[in-house]
Amino acid sequence: MARIFSGIQPSGELHIGNYLGAVKNWVQLQHTHPGSLFCVVDYHAISGNYDPAVLRARRWEMARSLLAAGLDPSKASVFMQSDVAEHTELSWIFTTLTPLGDLERQTQYKDKSAKLESIPAGILMYPVLQAADILLYRADTVPVGEDQVQHLELARDTSRKWNARFGEGFFPEPQPLLTPTRRIMGLDGQAKMSKSLGNTIGLMESDEEIWAKLRPAMTDPARVRKIDPGNPEVCNIFQLHKAFSSAAEQANVVQQCTTAGWGCMDCKKVLHTNMVQELTPIRRRAEALDAEPQRILDAMATGAQTARAIAQETMREVRERMGLETLTLPKA
Ligand code: TRP
């Protein structure tokens, strides 16, 4: 069976953008693929400037969010990247196989480095660490969004190079498993939903808070009720219906929107009802975790333990094949 690994940055509490874009899919995959691994990639989060206190808080929030969202430590391993030292060990090994040009060609590197006067080498090496994350568990299937496809290509190159030199067939060639939901735009309808842009709905927000954000949210600007029919496809609220409403309700939304049956407020109210229905159990689980925060620590400790066992076994074999095993007496 496929081995699934994915990672998420410790950006703090999940919002519906990263929930729909990644984590919701992971929650489903843990049932079909027991033994999947989901990692909070805190070493990736220090490749730029950061504040340790903020990172500490965000790691906690992300761990709490992942469990609240429904990742179940009895089905999947949820863990902190820095709790498994082998990630950095394999990453170093992979830097020795990765052509600098391949790293400089990464879109994400070009975007990030263009804004910087002095570029930390860690930003360049970011995809090497990502390849190590995946291959450490010899994972072949990586549920991610479109923006990670280039990084996975690099992971496959790395795998092929290592195998060619040190052992054919040892590492798999990991493929992206693209998340079904299209990227979620922010409430302004202008840019991808992202914490730094302040256009998010938090996964744990109350029903009232969600409504306060949906009410003024951007719809199809060209729609004028009873004069100009709306175009649901360009409307961000309809994109959210696709994530939260049933197929029958989505069809009704299209009908009501394009015939001026509903005003945008009516449409948003239906969306709100459906969002609340999906998000309430998540908020309840978060509340239960807050009442018993030790459960978060226990889940992360169990996850790290399982991950470490696999990682250590991979590294044992890697070091052996590379001539790096613990020194033994030369044969006489
Ligand atoms: N780069 C990914 C992102 O920004 C996070 C990540 C790090 C990751 N390591 C990974 C994703 C390994 C999948 C597999 O979203």
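Parameters and conventions
Residues numbered from 1 in each chain as written. Predicted model: local features only at pLDDT ≥ 70, side-chain atom pairs only at ≥ 80, totals over all residues. Heavy atoms only, no water. Pairing = 2+ DSSP bridges. Helix = DSSP H or I, 4+ residues; strand = E, 2+ residues; numbered from the N terminus. Axes fitted to C-alpha atoms, helices over the stretch in contact; angles between N-to-C directions. Buried < 20%, exposed > 50% of the residue type's maximum accessible area, 1.4 Å probe, protein only. Right-handed = clockwise from strand over helix to strand, strands pointing away. Expected span 1.5 Å × (residues − 1). Contact = heavy atoms within 4.5 Å. Disulfide = S-S within 2.5 Å. 1 Å grid on protein atoms, 1.4 Å probe; cavity = no way out; pocket = protein on both sides within 12 Å on 5 of 7 lines; lining within 4 Å. Points joined across faces, edges and corners; volume = space filled by probe spheres on them.

Participant: An account of the sheet that holds strand E1 (residues 5-8) is needed here, citing residue identities and associated values.
Facilitator: Strand order in the open sheet formed by three strands is E1-E2-E3, with parallel pairing between adjacent strands. Lying at the two open borders of the sheet, with one neighbouring strand each, are E1 and strand E3 (77-80). Each adjacent strand pair in this sheet contributes to an overall mean axis angle of 20°, direction not counted. Direction of pairing for strand E2 (residues 37-40) relative to E3: parallel, over a ladder of four bridges.

Participant: Can you tell me about the pairing of E2, naming the residues and giving the values?
Facilitator: Taking every second residue as pointing to the same face, both faces of E2 are buried, with Leu37 and Cys39 on one and Phe38 and Val40 on the other. Relative to E2, E1 runs parallel, the two being bridged by four bridges. Each bridged residue has a counterpart across the sheet, and for Ser6 the counterpart in E2 is Phe38. In the classification by handedness, the crossover that spans E1, the intervening helix H1 (residues 16-32) and the parallel E2 is right-handed.

Participant: Describe helix H10 (residues 247-258), and please don't skip the residues or the numbers.
Facilitator: With twelve residues, H10 extends 17 Å between its outermost C-alpha atoms, agreeing within 8% with the 16 Å of an ideal straight helix rising 1.5 Å per residue. Residues of H10 that are buried make contact with helix H9 (236-244) and helix H11 (264-291).

Participant: Pulling in residues and values, what's your account of the state of the cysteines?
Facilitator: A full pass over the atoms with the stated rule returns zero disulfides. Cys264 takes part in no disulfide bond, and the closest cysteine sulfur, belonging to Cys235, lies 6.2 Å away.

Participant: Tell me what's going on with empty space enclosed by the protein, and back it up with residues and numbers.
Facilitator: Scanning the entire structure with this criterion turns up two cavities of 30 Å³ or more. Arg223, Cys235, Cys257, Cys264 and Cys267 are the residues nearest the centre of the largest cavity, which is lined by 14 residues in total. Those elements giving two or more residues to the lining of the largest cavity turn out to be H9, H10 and H11. With three residues, H11 is the single largest residue contributor to the lining of the largest cavity.

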